[in-house]
Amino acid sequence: MYTVTFGGASLLVESRAGTLARMLISPTNPGFVLGGKGFGIFLTAAAQLIILIGGTSLLFRLSWGDGTAVALLILAAAFGASGWGILMASVLKTPGQVAVTGSAIALLFGILGGSFFDLSMLPEWVRKVGMITPNSWANEGFRILSMGGQLSAIKTNLIALLVMGALLYALGTILISRRGLVRK
């Protein structure tokens, strides 16, 4: 979540610096420009998760379970998280606001999503609220897989992350278009 928010901020940096306007003058569809930025954010998030999962597998000999299911969960988690980056870039006005707010949201999502400790210690309502985070769905999916679960056991997690990402990308795109960041 940390660098995902900074990826969203890069859209605002390019808008302020005039780089985005120069890209939009080209005969390229504005949707492709925004899609390219979103894809870059997604790739950054996926690379981080691949390094994290691969590193813990090599260094600590952790078994994350079925390789195909792990790969799909990594991609779905990256998509869900990068949707939040696009949404933040669409709502906030400056790269500084995205950096500060993004860091706070990343910490909050880490807590609510179970990235720092076992959520079973918290009240049920906190666990329910945590389901708005990609962390919650991804962590639960990785837990299921590490305990021997197969792809079929994490279908709900994958669907939740993909729907989250799609809705956030769509909402972010609409809001960015209304702000005029992608107009020629």
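Residues numbered from 1 in each chain as written. Predicted model: local features only at pLDDT ≥ 70, side-chain atom pairs only at ≥ 80, totals over all residues. Heavy atoms only, no water.

S.K.: Honestly, the overall build of the protein chain in this entry has me stumped. Any pointers?
M.R.: Check the secondary structure of the protein chain and you find eight helices and zero strands. Listed by position from the N terminus, the elements making up the protein chain come as α-α-α-α-α-α-α-α. A compact globule built from 184 residues should have a C-alpha radius of gyration of about 16 Å, and the protein chain, at 17 Å, falls within 12% of that. For the protein chain, the C-alpha atoms occupy an extent of roughly 50 × 35 × 30 Å along the three principal directions. Here the protein chain, with 184 residues, has 41% of them falling under the buried criterion. For the protein chain, contacts bridging at least 24 residues in sequence account for 74% of all contacts bridging at least 6. Total accessible area on the protein chain stands at roughly 9600 Å², and carbon and sulfur atoms take up 71% of it. Distance between charge centroids for the protein chain: 17 Å, based on 13 positive and 5 negative side chains. (Helix = DSSP H or I, 4+ residues; strand = E, 2+ residues; numbered from the N terminus. Rg over C-alpha atoms; globule rule 2.2 N^0.38 Å. Buried < 20%, exposed > 50% of the residue type's maximum accessible area, 1.4 Å probe, protein only. Contact = heavy atoms within 4.5 Å. Areas by Shrake-Rupley, 256 points an atom, 1.4 Å probe, with all protein chains shown as cover. Lys, Arg positive; Asp, Glu negative; His and termini not counted. Charge placed at Lys NZ, Arg CZ, Asp CG, Glu CD.)

S.K.: What am I meant to see in helix α4 (residues 67-91) here?
M.R.: Because an α-helix completes one turn every 3.6 residues, residues spaced three or four positions apart along the sequence face the same direction. Counted at 1.5 Å a residue, the expected span for α4 with its 25 residues is 36 Å, and the 37 Å between its end C-alpha atoms agrees. Counting buried positions over the 25 residues of α4 gives 18, a clear majority of the element. (Expected span 1.5 Å × (residues − 1).)

S.K.: Whenever I open this one, the side chain of N157 confuses me. Can you help?
M.R.: Note on placement: N157 falls in helix α8 (residues 155-179). Note on N157: relative accessible area 5%, which makes it buried. At 2.9 Å, the side chain of N157 forms a polar contact with the backbone oxygen of W137. Among all residues touching N157, those that are not within four sequence positions of it are W137, E140, G141 and I144. (Polar contact = N/O pair within 3.5 Å; in protein donor to acceptor, adjacent residues only side chain to side chain.)

S.K.: Would you take a moment to explain the confidence of the model for the protein chain for this structure?
M.R.: Caution applies to low-pLDDT parts of the model: their predicted coordinates are not meant to be read in detail. Looking at the protein chain, the pLDDT average stands at 90 and 97% of residues meet or exceed 70. Mean pLDDT across the elements of the protein chain ranges from a minimum in helix α1 (residues 2-17), with 79, to a maximum in helix α7 (residues 134-146), with 97. (pLDDT = per-residue confidence, 0-100.)

S.K.: Help me understand the packing of helix α3 (residues 30-60) against α4, please; the structure alone is not making it clear to me.
M.R.: Packed helix pairs are characterised by how far apart their axes lie and by the angle those axes make with each other. In the contact formed by α3 and α4, the axes pass within 8 Å of each other and the chain directions differ by 135 degrees. The angle between α3 and α4 places the two elements in the oblique class. The two elements α3 and α4 meet at a crossing, and its hand is right-handed. Touching G38, I41, F42, A45, A46, L49, I50 and I53 of α3 are V70, I74, L75, A77, A78, F79, S82 and I86, all from α4. A per-class count over the contact of α3 with α4 returns 14 nonpolar, two polar and no charged. (Axes fitted to C-alpha atoms, helices over the stretch in contact; angles between N-to-C directions. Parallel < 35°, antiparallel > 145°, perpendicular 65-115°, else oblique. Left-handed = near helix turned anticlockwise from the far one by under 90°. Nonpolar A, V, L, I, M, F, W, Y, C, P; charged D, E, K, R; others polar.)

S.K.: In this structure, what is going on with a nonpolar patch on the surface? I would like to understand it.
M.R.: A cluster of nonpolar side chains, namely L107, I111, F116, F117 and M121, defines an oily patch on the protein surface of about 490 Å² accessible area. Note on placement: F117 falls in the loop between α5 (95-112) and α6 (124-129). (Patch = residues over 30% accessible without salt bridge, like charges linked within 9 Å, V, L, I, M, F, W, Y side chains within 5 Å. Salt bridge = Lys/Arg side-chain N within 4 Å of Asp/Glu carboxyl O.)

S.K.: Help me understand α7, please; the structure alone is not making it clear to me.
M.R.: The end-to-end C-alpha distance of α7 is 18 Å, a good match for the 18 Å that 13 residues give at a rise of 1.5 Å each. Within α7, the full set of buried residues consists of P134, N135, S136, W137, A138, G141, F142, I144 and L145. Lining the buried residues of α7 we find α3, α4, α5 and α8.

S.K.: In this structure, what is going on with the nonpolar core? I would like to understand it.
M.R.: Core analysis: the biggest nonpolar cluster contains 45 residues, and L73, W84, F142, I154 and L161 have the highest contact counts within it. For this core, the secondary structure elements donating two or more residues are α1, α2 (19-25), α3, α4, α5, α7 and α8. Among the elements that make up this core, the one with the highest residue count is α4 (13 residues). (Core = buried A, V, L, I, M, F, W, Y, C linked by side-chain atoms within 4.5 Å.)

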